[in-house]
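Chains, contacts and geometry: an overview
Below are the chains, spelled out letter by letter.
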Amino acid sequence: MAVRNAIFRLILVLFAAGACLAPGGGSASEGFEAALVLLTGKSAKKRMAGVEALAASGHPAAASMLSAMVDGKLYYRKEDGRLFVVAKRGREFDLFDPMSGEQAGSARSKALKKVKVNNRLRRAIRTALAGLNLTHPDRAKRLDAAAGLLKSADPGLRPLLAAAFDREADADVRAAMELALAAVDIGRDSPPSVRVAAAGRLGASEAPEARALLGRVVGDAQADPAVREAARAALEEIENRLELYRQFGAGFPGISLGSVLLLAAGGANAAPAVREAARAALEEIENRLELYRQFGAVFQGISLGSVLLLAAVGLAITFGVMGVINMAHGEMVMVGAYATFVVQELFRTFAPELFGLSLAVAVPVAFLAAAGLGAGLERSVIRWLYGRPLETLLATWGVSLVLRQAVRSIFGPTNREVGNPEWMSGAVELAGGVAITYNRIWIILFSLAVLAAVMAVIRYTTFGLEMRAVTQNRPMANAMGIRSRNVDCMTFALGSGVAGMAGVALSQIDNVSPNLGQAYIVDSFMVIVFGGVGNLWGVLVGAMSLGIVNKFIEPFSGAVLGKIVVLVALILFIQRRPQGLFAMRGRAAEL
Amino acid sequence: MKTMTNRIRGLAAAGLFAGAAMVSAAPAMAETIKVGILHSLSGTMAISETTLKDAMLMLIDDVNKAGGLLGKQVEPVVVDPASDWPLFAEKARELIEKEKVAVIFGCWTSVSRKSVLPVFEELNGLLFYPVQYEGEESSRNVFYTGAAPNQQAIPAVEYLMSEDGGAAERFALLGTDYVYPRTTNKILRAFLHSRGISDEDILEEYTPFGHSDWQTIVSKVRSFASEGKKTAIVSTINGDANVPFYKELANQGVMAEDLPVVAFSVGEEELAGIDTGPLVGHLAAWNYFMSVETPENEAFIEKWHAFIGDEDRVTNDPMEAHYIGFKMWAQAVKQAGTTDVDAVRQAMYGQTAKSLTGTTAVMNVNHHLSKPVLIGEVQDDGQFEIVWQTDGPVVGDAWSDYIPESARLTADWTYPWVCGNCEKPMF
Amino acid sequence: MGWLDLKGRIFLVALAVLAGGAVALNLSLPESSALHVPNYMVGLIGKYLCFALLALSVDLVWGFAGILSLGHGAFFALGGYAMGMHLMRQIGERGVYGHPVLPDFMVFLDWKELPWYWHGFDSAWFALPMCLAVPGALAFLFGWLTFRSRVTGVYLSIISQAMTFALMLAFFRNDMGFGGNNGLTDFKDLFGHDLKGAGMRAGLLLASAAALAGGYLLCRWMTVGKFGRVLVAVRDAEQRTRFLGYRPEHYKILVFTVSAMMAGAAGALYVPQVGIINPSEFSPANSIEIVIWVAVGGRGTLIGAALGAVLVNYAKTFLTGAAPEMWLFVLGGLFIAVTLFVPKGVLGEIASLRVRWQARRGSDG
């Protein structure tokens, strides 16, 4: 294996050297033909050889074929084994010639077979593509290529990388390439002095790969017993010193440092200077990472809090303001999520190119669907039960059972697929595994926007005024000419509609299934009670503090125990403040 | 007016309860063989189990079209245990004692199986259990047609450690906190130790059912994976929690080439709820995938689509388990000439059936099947591409060899053993 | 016995006839007989009676003291777990791994010795009192904390829900030592008799009936007389009662604790009859359902609560078999209809119908 890899790399380097001078010589094209045959092979081994040969052939179409392959668009015809890049049109595939890129007719899916890719092949293709793209005119492609090589840290590609680095003018790309070079240099094949220098350079980086590479050097354990014994003795000395450092670092959780120590204890043959440099660099990174991690935990807490907030805002109206123990609240959220699904299906069928807009359309649709349902529910059931809040529990529980089963009958019991539009996918990468995902950011913003909108409606509109009047003193409001029955209906519809909008957001992170609502109902009630019934600011503060506390406990206690701790804390908190964080004063407090 | 509404109220109440309390004595259909279907159609497990109910109805329909069994029609009896575990026991008892069914196909979760087990043993019923499970059990009254841990978990991890699977040296074992993940991970830990992987290279994490906030755990695993060694995630995360888990993975940019996830509870049905584009390359280990290319499977899928009336519905491993189980049971009934439980049980041993993967499944004396193990990679269309499979069928192991207390136990229901958990034969 | 009215006597007689009749017809008649009560029916009736006792305990706190507990399932489950632990210890060496002391799941999780809280449960003399003591202690603690700081109304309901939810999550954890999600199962015998025997089944049914009767008498005794009147006063106007010099929190704590012990007893009787106890009994939805039984039967009527539990559970048994795809529509519709048209519950409605009928006859004559 190693030998073949070495040969492959050699070929690749030769190709790179001669690529600019004589593209596609006779031998290269022969290699290309052979590669194509290998690609249609049944075993992964053959296909691996095919990828290597393809990369080595230097054929101008190699790069595009490799990317088609990794995207799962490279097929071959069963009858003659000819390769095509395909574009799917239902069960019909359009075929494109991989060499010329021209359309070569179409075929039924059954007549074709996909060139299968597994993870190992994917890695090989990525490395090969990175090698091919190092001198690509597009800056972004070169950056990607450098990042790819940092991941694979393949010593075979070093000359290629060094040449590209020398020619590179763009500062960012140069930095990325330099890092990739360091990643190669710290490898086992380099002399100790080079490895020490590389460790220093990697120490300046925040890429997770840099940390991984350093960790690997520290933990290397292949040496003869005498060397190991000496290294172990030296290590003990270091460890004693490290223990001192650890004592110094009060407040620093010490977990990360501990992991460094563990790795160091397993270390062996690498020269002490290399290890020392690697260790120092690693520690430097760790210190910085700890900060990022704290920030990450706060972010995750806020993000969990925003989910709780979304789930609870609607309930804050139906339960908090109107006093209806609305067990069907979760189902309103579910209705919103299914509305999203329906909207997305329509987009998929009629306007797939506008799919990115589907969520924007889904928000009002979900609001109207849930609000309509809420209004109907109020007119038919809830209105007979005002003044008997506990009985609303019974009726709305019945409604919740019916709605769940209805959705199960209409949409089927299985999960429905709701897609993340482009602009909601992906993440901002902070150093060291702390990723801030776009969909979470959007959900935080969305939840705050929903809360602000609800507050604005209550504070600044006529309806909001009437609503406040009715909840505060119904007979007086009636006397002032407010039709309190209508206001009740609208209020309940508003609460339900807001729950429906929450469903749009939750469909992005959770299952869209008939059980969706049940997962949030208990939490929503907790948030409201914690924040204080009938107070929207309380909901905000309640949701955010529950979310953040949960996320700070979770790493130490595990997810289950973390949740239990939060619940018990909540019970104890209510003893101290029996009306929640923001207690209502006066008559309204007697719910 | 007031008395009017009161009267209406009274009438409504009376009608309501009369209706609810009315007991319908369904006329007993003469000369049918009753088959009980005990899958949740509501509650948390409906999401997985409803499909199995439909699959069973289709299989029974098939047999009936072909003339039935022993000259009689087969009559399905469907009940809804509503994901309520004690209700499973109640319904099992009702099916066996009241409906007098010949056999029951059902259950999904371990706890539902544990709940009905005493009922089946007391009344000498027969249960076909179609889901991959933790093993450590062999009841005289249950045939386990899903995978035992050695038919799923161990081959999958072996694959991850192989050159093709990415040569992983470090493992994050993520699971929902219940008996299946606990057992599987215990077996895996012992197995990994036997392959020279130390405890510091194994991360074990459990989450509650329906866990939806995976930010912390995914971050933790990413940092665990960035400490030097090649890492893989082994997921025994259950049902509902999978969608948010995979969504979080995708959003945090975890690529399968760098950090592959192999899952034992994620099949085509679970993926149907996710946009699989960002998940391409993650793995699952099963005994069947919908993408298997055999004439049997093509025919099965076609029939399924026709039966359910929806071209987009997928098939999955537990469905195949029911397919094999029902086929074997029908053959055993024919062979025994009766639906009597004891006679059918005897006829089940050594029973073979062509599975949908084109291999021959065999029912062993420990009540577990021999089946091949397949590893598939997620594709962007929600299907799996088979990247590896065992050379032949693997014998399902009731008692794991990697757990000291269970390694000494044997399950063999034929003479002279006649026992599900013995160290020496009974006779 | 002046406090036991005619309705109560009819209820007790009916209960005795039902339980005694079912057992007699089950044991004495051959299976072929048309009047034979099948075994599964005996088990079912036993289960319903346990639920009836549970509903009674909720009615005691909700109907008479105005405490809407959405966490009563927790007390039921704790009683069940205490019983389950005793049954587990009774298995002894007959577990699959043959360990003399440790239950199977502990052997499996590599536990070397019994956790401290499992000690003593091998003896029925310890375990049976614990079935009442554990839920009672938790209820006392919960009541001590909440009632004294005057947590009332929905706040109380929601934190009682938080309590059962937290317990559910805790019991789901395998590290707790209660068998995790699978709970406790695979029981063999009780008091040295096989759980699967016909005699045992009949005995458990009779015990459940006796417990229900006892529970009813206790509730009835507590709710008539001065104590009962104070309770109702607390329910209707807690502040005023306090100003009159009573200490409502003491009454509430007492009645809540008694009620939790009744629920615990129901759980303890339930477990040997269904053969499994697991954390899903703690789920908030279960506790809500109990409240619904009471509402269907009639809040504050005691007998109605018991009747409601039987009625709703019978409907569930019947409908999940007869209409597996539609039953949730029917059950959900039933709940909505009851609140709209029978707001006082079945028994409450009958009582008020009678009052109206008498009033009309009075005015006619």
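Since the model is a prediction, treat every value here as computed from it, not as a measurement.

Looking at the overall build of chain A
Each helix and strand in chain A was counted, giving 23 helices and 7 strands. Sorting the 591 residues of chain A into buried and exposed places 51% on the buried side. Within chain A, residue pairs in contact and separated by at least 24 positions form 70% of the contacts whose partners lie at least 6 positions apart.

So, the interface of chain B and chain C
Every contact between the two is made by 39 residues of chain B and, on the other side, 42 residues of chain C. Residue assignment for the side of chain B that touches chain C shows that the elements contributing at least two residues are α1 (2-21), β2 (73-79), α3 (85-98), α4 (110-123) and α6 (179-194) of chain B. Per-element accounting of the side of chain B that touches chain C gives the leading share, 9 residues, to α3 of chain B. Tallied by class, the residues present in the side of chain B that touches chain C amount to 19 nonpolar, 6 polar and 14 charged.

Let's talk about the packing of helix α11 (residues 317-336) of chain B against helix α12 (residues 341-348) of chain B
Residues and elements named next belong to chain B. Close contact between α11 and α12 brings their axes to 8 Å; oriented N to C, the two are set at 110°. When the interaxial angle is binned, α11 and α12 end up roughly perpendicular. Crossing of α11 against α12: the hand is right-handed. Across the interface between the two elements, M328, W329, A332, V333, Q335 and A336 from α11 touch A343, V344, A347 and M348 from α12. In the contact of α11 with α12, the residues fall into 9 nonpolar, 1 polar and no charged.

Considerations on the packing of helix α7 (residues 158-167) of chain A against helix α8 (residues 171-185) of chain A
All names here are of chain A. Relative orientation of the contacting elements α7 and α8 amounts to 155°, with a least axis distance of 10 Å. Considered as vectors, α7 and α8 are oriented roughly antiparallel to each other. In terms of crossing hand, the pair formed by α7 and α8 is left-handed. In this structure, α7 contributes R158, L161, A162, A164 and F165 to the contact, and α8 contributes R174, M177, E178, A180, L181 and V184.

Some words on helix α23 (residues 559-576) of chain A
End to end, α23 of chain A covers 26 Å across 18 residues, agreeing with the expected 26 Å (1.5 Å per residue, within 8%). Among the residues of α23 of chain A, those classed as buried are A559, V560, G562, K563, I564, V566, L567, L570 and I574 of chain A. Residues of α23 of chain A that are buried make contact with α21 (518-531) and α22 (536-557) of chain A, β7 (202-207) and α7 (215-225) of chain B together with α6 (153-172) of chain C.

Considering the sheet that holds strand β13 (residues 369-371) of chain B
Residues and elements named next belong to chain B. Strands sit in the order β11-β12-β13-β16 across an open sheet of 4 strands; the sheet is antiparallel. With partners counted over all chains shown, the strands left at the sheet margins are β11 (352-354) and β16 (394-395), one partner each. In this sheet, β16 lies alongside β13 in antiparallel orientation, the contact comprising 2 bridges. Opposite S370, over in β16, you have V395 as the bridge partner.

Regarding the confidence of the model for chain B
For residues with low pLDDT, the predicted coordinates do not support detailed interpretation. Residues and elements named next belong to chain B. Per-residue confidence for chain B averages 86 on the pLDDT scale, and 93% of its residues sit at or above 70. Mean pLDDT values over the elements of chain B span from 44, in α1, up to 96, in strand β4 (residues 127-129). In this model residues 1-29 is a low-confidence stretch, pLDDT under 50, and it forms 17 contacts with partners more than four residues away in sequence or in other chains. Interface confidence for the predicted complex, given as ipTM, is 0.89, next to a pTM of 0.83.

Brief notes about the pairing of strand β12 (residues 360-363) of chain B
All names here are of chain B. The alternating pattern of β12 places A361 and M363 on a buried face, while none of T360 and V362, on the opposite face, is buried. With 3 bridges connecting them, β11 and β12 associate as antiparallel partners. Each bridged residue has a counterpart across the sheet, and for T352 the counterpart in β12 is V362. Counting the residues between successive antiparallel strands, the hairpin from β11 to β12 contains 5 residues, one of them, G358, with a positive phi of roughly 85°. Of the pairings in the sheet, the one linking β12 to β13 comprises 2 bridges and is antiparallel in character. Within the sheet, the bridge partner assigned to M363 lies in β13 and is L369. Between β12 and the antiparallel strand that follows it, β13, lie 5 residues; H367 among them carries a positive phi value of about 70°.

A few points about unusual backbone geometry
Residues and elements named next belong to chain B. The omega angle of the peptide bond from Y415 to P416 is 5°, so this bond is cis rather than trans. Tracing the backbone through its elements, the reader meets P416 in the loop between β17 (410-412) and β18 (419-422). Here C107, not a glycine, exhibits a phi torsion of approximately 75°, which is positive. Mapped onto the elements of the fold, C107 is located in the loop between β3 (103-106) and α4.

A closer look at the environment of R313 of chain B
You can see R313 of chain B is positioned in the loop between α10 (295-308) and α11. With sequence-adjacent residues up to four places away left out, R313 of chain B is seen in contact with W304, H305 and I308 of chain B.

Points about the sheet that holds β3 of chain B
Residue and element names in this part refer to chain B. With parallel pairing, 5 strands are arranged side by side in an open sheet as β2-β1-β3-β4-β5. Of all strands in the sheet, those bounded by a partner on one side alone are β2 and β5 (142-144). Each strand of the sheet is rotated relative to its neighbour by a mean of 25°, with strand direction disregarded. Strand direction decides the pairing type here: strand β1 (residues 32-38) and β3, joined by 4 bridges, are parallel. Looking across to β3, one finds that I37 is bridged to F105. Where α11 meets the sheet, its contacts fall on β3, β4 and β5, and the angle it forms with β3 comes to roughly 175°.

Some details on the interface of chain B and chain A
Taken together, the contact between chain B and chain A spans 48 residues of the former and 55 residues of the latter. Broken down by secondary-structure element, the contributors of at least two residues to the side of chain B that touches chain A are α2 (46-65), β7, α7, α8 (242-251) and β15 (384-389) of chain B. Among the elements that line the side of chain B that touches chain A, the one with the most residues is α7 of chain B, at 6 residues. When grouped by side-chain class, the residues that make up the side of chain B that touches chain A number 12 nonpolar, 21 polar and 15 charged.

A closer look at α8 of chain B
Across the 10 residues that make up α8 of chain B, a large majority, 10, are buried. Considering only its buried residues, α8 of chain B is in contact with β6 (427-429), β7 (435-437) and α17 (438-460) of chain A together with α7, β9 (261-263) and α9 (268-271) of chain B. In the segment just after α8 of chain B, G253 of chain B is the residue with positive phi, at about 75°.

A few points about the confidence of the model for chain A
All names here are of chain A. With 78% of its residues at a pLDDT of 70 or more, chain A has an overall mean of 77. Here residues 13-26 is a poorly scored stretch, pLDDT under 50, and it has 12 contacts once near neighbours within four places are set aside; other chains count. The low-confidence segment residues 223-269 (pLDDT under 50) makes 44 contacts with residues lying over four places distant or belonging to another chain.

Conventions and cut-offs
- Residues numbered from 1 in each chain as written.
- Chains lettered and ligands numbered in written order.
- Predicted model: local features only at pLDDT ≥ 70, side-chain atom pairs only at ≥ 80, totals over all residues.
- Helix = DSSP H or I, 4+ residues; strand = E, 2+ residues; numbered from the N terminus.
- Buried ≥ 20, exposed ≤ 12 C-beta atoms within 10 Å, placed from the backbone.
- Contact = placed C-beta atoms within 7 Å.
- Nonpolar A, V, L, I, M, F, W, Y, C, P; charged D, E, K, R; others polar.
- Axes fitted to C-alpha atoms, helices over the stretch in contact; angles between N-to-C directions.
- Parallel < 35°, antiparallel > 145°, perpendicular 65-115°, else oblique.
- Left-handed = near helix turned anticlockwise from the far one by under 90°.
- Expected span 1.5 Å × (residues − 1).
- Pairing = 2+ DSSP bridges.
- pLDDT = per-residue confidence, 0-100.

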